[in-house]
Amino acid sequence: MKRMWKVIGIVILTVFVLGLICFGVGLLTGADSARIFTVIDDKFQIESTISLYKNYAEQMKDLLSELPEL
Amino acid sequence: MTVIDKRKFLAELGRLLTFMFDEDRRTALAMYEEIFDSVEDPEELLKLLVSPTRQAVIIARTYNARERDLAVRSKSGDGDANVDYEDAPRFVRAIDDIAKKAAALYPQQTYRTAWDRRETEVGTERNLIREFPEESAEPEQTAEPEDPVSSVRPDETVTENHLPEERQAEPFAFVDTGFERFINGTFTEQQAEEETPSEQAEDTAEELSEDDPEVDCALTEEAGFGREPEEDHSSRIDRYMASFDEEEPEQTEMKQQEPVHDAPDIKSWRDGKKAVEKAEEKHPSEEEPPEVSILLMILYIILAVPITAVGVLILLVPAILFLAVSLILITVGFQAITTAFGGFAVFADIMVVLGGALVVISLGLLALWTFIWFIGGAIVGLINAVIRLGGKFCTMGGED
């Protein structure tokens, strides 16, 4: 089990460090977070999905408040 | 030609007798060498002996490792107590019988076996051995047929292979051969190293291409080594170490003065003994299982099963949680990678999304491994611990 922990740890750490390096290189070469978010939002409709769940939560809250107290 | 045959015979015999204690093996080889030296035509003797394997089987049938171990232990406690012929090891008597048969090949000459060549001056001879070990280490002196009249009392008549009864009851001492010193209890490891052909025989045995594992196995089982090898090995080490600890001061001084030829290293023996003890701790010898209380076992099962089930369920909750998290993170990470190469036109944005995806995947892998650890480590470990605890609990109750 200890050997497996070692192997898994090395793999995870390698991927993590590689990701950080890519992220840093991207930021250094002029990446824009707003532009990235726009592209992702266009593809996955993240903002609309978040607002949808917000509305759903508010409706549930109103519904629970209208229930008579026991 | 003859010398080579004798050498090969002894080499093969030495290889086949590895089931014996070292000193017994050297004694046996010394006795066989003495038989070879005592005959005029070794080829006749080789016909009589048939083969080394046959002789090894004869010795193996008369050799009992446990009895020899006990005999050596008791001998070390008795000091240099003399041994009667009837008390001699069975394998020694068997070889002596072979020597008598070999002597029968030459009826015209009076042949005396090693046992028959006993001398009465016990103390004198032993002092000679201790003072002049190198002189007694020459087997050629004994190998040559001696004049029987010169070594016996004038009033006695030595017949072939027989000794007068009054002499058999007398104390005796041997000087010449390993067999004689074996009987006297003065056959030491070092002397054996110097004068027996075992070393030469072992070297030649490696060269021999004839390997017969079945014979080795049969001989080992015949001698009783196959039944409890670990016990015999440890007892051999104990016996050897005891011989160093209980050695007389006089002998110790003598050994320090003499040059040591391939003497066994005490430190290595001690290290070997420690290694054996450590191995025995790791792999304790099979003992009878302790009695288990059935009532306590049932009680423990009734209590332990629900408690263990609850524990497993408690551990399953975080395990499943980690599994869900890991699946989500890995899915998001791979989605981000596909998005990075499919939706972005700027290289910097691709690198940022790719880096973020790799970080998320690494976290997902960590969560996945944590889930596996929960299932295979924590839950299985809990069950094993409960089983072990149950074993101790029931055994402890049974002993009480």
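**Here's the deal with the interface of chain A and chain B**
Okay, so step 1: Taken together, the 26 residues of chain A in the interface contact 21 residues of chain B.
Okay, so step 2: For the pair chain A and chain B, the summed buried area comes to about 2100 Å², and 83% of that belongs to carbon and sulfur atoms.
Okay, so step 3: Ionic pairing is found between Asp349 of chain B and Arg35 of chain A, a salt bridge with its closest N-O pair at 2.6 Å.
Okay, so step 4: Connecting chain A to chain B are 2 residue pairs in polar contact (both at pLDDT 80 or more).
Okay, so step 5: Secondary structure elements with two or more residues in the side of chain A that touches chain B: helix H1 (2-28) and helix H2 (33-44) of chain A.
Okay, so step 6: Here the side of chain A that touches chain B takes 15 residues from H1 of chain A, the largest share from any one element.
Okay, so step 7: Grouping the amino acids of the side of chain A that touches chain B by side-chain chemistry returns 19 nonpolar, 4 polar and 3 charged.

**Digging into the environment of Gly26 of chain A**
Okay, so step 1: With respect to the helices and strands, Gly26 of chain A occurs in helix H1.
Okay, so step 2: Assessed through its relative accessible area of 0%, Gly26 of chain A is described here as buried.
Okay, so step 3: In contact with Gly26 of chain A, not counting residues within four places along its chain, are Ala31 of chain A together with Ala348, Met351 and Val352 of chain B.

**So, the nonpolar core**
Residues and elements named next belong to chain B.
Okay, so step 1: Core analysis: the largest hydrophobic core is formed by 29 residues, its most contacted members being Phe9, Leu17, Met20, Tyr32, Ile59, Phe91 and Ile95.
Okay, so step 2: Elements represented by at least two residues in this core include exactly helix H1 (2-16), helix H2 (22-38), helix H3 (42-49), helix H4 (52-62) and helix H6 (90-103).
Okay, so step 3: Membership of the second largest hydrophobic core comes to 13 residues, among which are Ala336, Ala348, Ile350 and Val353.

**Details of the pattern of salt bridges**
All names here are of chain B.
Okay, so step 1: Evaluated as defined, the whole model comprises 5 salt bridges over all chains.
Okay, so step 2: Here Arg15 makes a salt bridge to Glu12, at a shortest N to O gap of 2.9 Å. Highlighted residues: Arg15 and Glu12, both in helix H1, separated by 3 residues, approximately one helical turn.
Okay, so step 3: Two residues, Asp22 and Arg25, come together in a salt bridge whose shortest N-O distance is 3.7 Å. With Asp22 and Arg25 both in helix H2 and 3 residues apart, this pair spans about one turn of that helix.

**Concerning the confidence of the model for chain B**
Residues and elements named next belong to chain B.
Okay, so step 1: For chain B, per-residue confidence averages 67 on the pLDDT scale, and residues scoring 70 or more make up 47% of the total.
Okay, so step 2: Throughout residues 247-265 the model reports pLDDT below 50, and contacts reaching past four residues in sequence, or to other chains, amount to 19 contacts.
Okay, so step 3: Complex prediction metrics read pTM 0.38 and ipTM 0.83.

**Re the side chain of Lys6 of chain B**
All names here are of chain B.
Okay, so step 1: Following the sequence through the fold, Lys6 ends up in helix H1.
Okay, so step 2: The buried category is assigned to Lys6, whose relative accessible area is 19%.
Okay, so step 3: Engagement of the side chain of Lys6 in a polar contact is seen with the side chain of Asp37, the distance being 2.9 Å.
Okay, so step 4: Non-local contacts of Lys6, meaning those with residues more than four positions away in its chain, are made with Glu33, Phe36 and Asp37.

**Points about unusual backbone geometry**
Okay, so step 1: In this structure, Gln45 of chain A takes a positive phi of about 50° despite not being glycine.
Okay, so step 2: Assignment of secondary structure puts Gln45 of chain A in the loop between H2 and helix H3 (46-66).
Okay, so step 3: For Val50 of chain B, which is not a glycine, the phi torsion comes out positive at approximately 70°.
Okay, so step 4: Locating Val50 of chain B in the fold gives a position in the loop between H3 and H4.
Okay, so step 5: Taking relative accessible area as the criterion, Val50 of chain B reaches 52% and is therefore assigned exposed.

**A closer look at the packing of H4 of chain B against H6 of chain B**
Residue and element names in this part refer to chain B.
Okay, so step 1: Running from N to C, H4 and H6 cross one another at 140°; their axes reach a closest spacing of 8 Å. Crossing of H4 against H6: the hand is right-handed. Seen from H4, the contacting residues are Gln55, Ile58, Ile59, Arg61 and Thr62; seen from H6, they are Arg90, Phe91, Ala94, Ile95 and Ile98.
Okay, so step 2: For the contact of H4 with H6, the residue count by class is 6 nonpolar, 2 polar and 2 charged.

Cut-offs used in this document
- Within each chain, residues carry numbers counting from 1 in the order of the written sequence.
- Ligands are numbered from 1 and chains lettered from A, in the order in which they are written.
- Residue-level local features of this predicted model are given only where pLDDT is at least 70; pairs of side-chain atoms are given and counted only at 80 or more, and the full residue set underlies all totals for whole chains, interfaces and linings.
- Values shown for side chains rest on all heavy atoms present in the structure; no hydrogens or waters enter the calculation.
- Only heavy atoms matter for contacts: two residues are in contact if any of them lie within 4.5 Å across the pair.
- Buried area, as used here, totals the accessible surface that two parts lose on assembly, with accessibility defined by a 1.4 Å probe and the loss added over both.
- Salt-bridge detection follows one rule: a side-chain nitrogen of Lys or Arg within 4 Å of a carboxyl oxygen of Asp or Glu.
- Polar contacts here mean pairs of N or O atoms no more than 3.5 Å apart (in protein, one a potential hydrogen donor and the other a potential acceptor; neighbouring residues in sequence count only if both atoms are side-chain atoms).
- A run of H or I in DSSP becomes a helix once it reaches four residues, and a run of E becomes a strand once it reaches two; helices and strands are each numbered from the N terminus.
- Under the grouping applied here, Gly and all other residues not named as nonpolar or charged are polar, the nonpolar ones being Ala, Val, Leu, Ile, Met, Phe, Trp, Tyr, Cys and Pro and the charged ones Asp, Glu, Lys and Arg.
- Partly exposed residues are those whose accessible area sits between 20% and 50% of the maximum for their type, while under 20% is buried and over 50% is exposed, using a 1.4 Å probe and protein chains only.
- Grouping buried Ala, Val, Leu, Ile, Met, Phe, Trp, Tyr and Cys residues that are joined through side-chain atoms within 4.5 Å yields what is termed a nonpolar core.
- A residue's pLDDT is the predictor's confidence in that residue, given on a scale from 0 to 100.
- In this analysis an axis means a line fitted to C-alpha atoms, helices contributing only their contacting stretch, and an angle means the value between N-to-C directions, from 0 to 180 degrees.
- Note on convention: the crossing is left-handed when the near helix lies turned anticlockwise from the far helix by less than a right angle, right-handed when the turn is clockwise.

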